[in-house]
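Coordinate inspection notes
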Amino acid sequence: MFSNIINKSPDENNDKVNVESYTNSPLVVCDINRFSIVILEYKGTIEVNFDETKSSDFNILFLCPGEIFRIKDYKHVTVVSFDEMSPLKKVYGFDYAYGNIDKLFPLTNQNYKSIKEQVKKLNTLITEKHLEWNKKAFSVIEEIFKLSPTYSDNPNNSQLPLVYSFVSSVHEHYTMYHQISYYANLLEITSKGITEKFYKEGLLNPHAFIKNRILVEVKRQLIYTDKSIKIICFDVGFNDPAYFSRFFKKNVGMTMKEFRVKYNAGFN
């Protein structure tokens, strides 16, 4: 049986910052309204956005709303989450964490311990709830950003800041805009310029990134909702259900009905 953080609905009474801990039991993390930081002590195979990947002894993941993390055997997982409307989106380090094509990052033993100390501070703030505790909690999360590999491994003169801004913007707008040109205009650069910067950094083609983000959301809805394929089509910004069905089959290798049957049998 999986412990699930799936498809949460907005709740005006929800705290702006949450901390939850899990041990041993299989776990699925997928929150459609919150950004999540997953701190993981486990060496083995995990699943992020339906792709299997290998984790080291200590790891950190940054999940945008709707992204999915699954694990069956592990020692300890901590999930820190905050609302998608949070002012943390304007903090330096946010784009480096959530604007990354990669999701999983190994931590040194020392960094892991330092991040866990910050989590303890968060738990204290959440429990005591003194005046302006949320603002103080944001400062602690900003410190977690600074302690993560995404923050320290990026030189100031690199092309990466623009790439991260592009990726972060895609996560925010992909259900409405599928063309590179929209994001190029948003970032005041040409479509060719974005593609060249991705190429220089050895990253996934930006068009492929947009496509993959759409597919993750389609898969999430197929597995974790009972929405019809037609409704999902409109949810992710397609106007033609027939074209949408061809798009999915071409990129996944099976129809949406086949995917739903296959993964409903093994994911829940």
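A few points on the structure. (Residues numbered from 1 in each chain as written. Predicted model: local features only at pLDDT ≥ 70, side-chain atom pairs only at ≥ 80, totals over all residues. Heavy atoms only, no water.)

Ranked by internal contacts, the top residues of the largest apolar core, which has 34 residues, are Phe166, Ile214, Val218, Phe244 and Phe259. Looking at this core, the elements with two or more residues in it are β3 (27-30), α5 (160-173), α6 (180-186), α7 (191-200), α8 (206-224), α9 (229-235), α10 (241-252) and α11 (256-267). If one sorts the elements of this core by residue count, α8 sits on top with nine residues. Residue contacts for Phe244: discarding those within four places in its chain leaves Val218, Ile229, Ile232, Cys233, Val236, Phe238 and Met256. Listed in part, the 32 residues of the second largest apolar core include Ile60, Phe94, Leu125 and Ala137. (Core = buried A, V, L, I, M, F, W, Y, C linked by side-chain atoms within 4.5 Å. Buried < 20%, exposed > 50% of the residue type's maximum accessible area, 1.4 Å probe, protein only. Helix = DSSP H or I, 4+ residues; strand = E, 2+ residues; numbered from the N terminus. Contact = heavy atoms within 4.5 Å.)

Another aspect to go through is the pairing of strand β4 (residues 34-41). Of all eight residues in β4, eight are buried, a share of seventy percent or more. Burial along β4 is two-sided: the residues Arg34, Ser36, Val38 and Leu40 and Phe35, Ile37, Ile39 and Glu41 are all buried. Two strands pair when backbone bridges link them, and β4 and strand β9 (residues 76-83) are joined in this way by eight bridges, in the antiparallel orientation. By the bridge assignment, Val38 is partnered in β9 with Val79. (Pairing = 2+ DSSP bridges.)

Moving on to the environment of Ile126. With respect to the helices, strands and loops of the structure, Ile126 is situated in helix α2 (residues 109-128). Residues Ile126 and Lys16, 110 residues apart in the sequence, show an inter-C-alpha distance of 9.7 Å. The contacts of Ile126, once residues within four sequence positions are left out, are Val17, Asn18, Val19 and Trp133.

Here we take up the sheet that holds β4. As summarised here, the arrangement of the five strands in space is β2-β9-β4-β7-β10, forming an open sheet in which the pairing is antiparallel. At either end of the open sheet lies a strand with only one pairing partner, and these are β2 (17-22) and β10 (104-106). The mean angle between the axes of side-by-side strands here comes to 15°, regardless of whether they run parallel or antiparallel. In this structure, strand β7 (residues 58-63) lies alongside β10, joined through three bridges in antiparallel fashion. (Axes fitted to C-alpha atoms, helices over the stretch in contact; angles between N-to-C directions.)

This part covers unusual backbone geometry. Positive phi values are uncommon outside glycine, yet Asn49 reaches one of about 50°. Tracing the backbone shows Asn49 in the loop between β5 (44-48) and β6 (51-55). The residue Glu188 is not glycine, and still its phi comes out positive at about 60°. Note on placement: Glu188 falls in the loop between α6 and α7. Overall, the relative accessible area of 77% leaves Glu188 in the exposed class.

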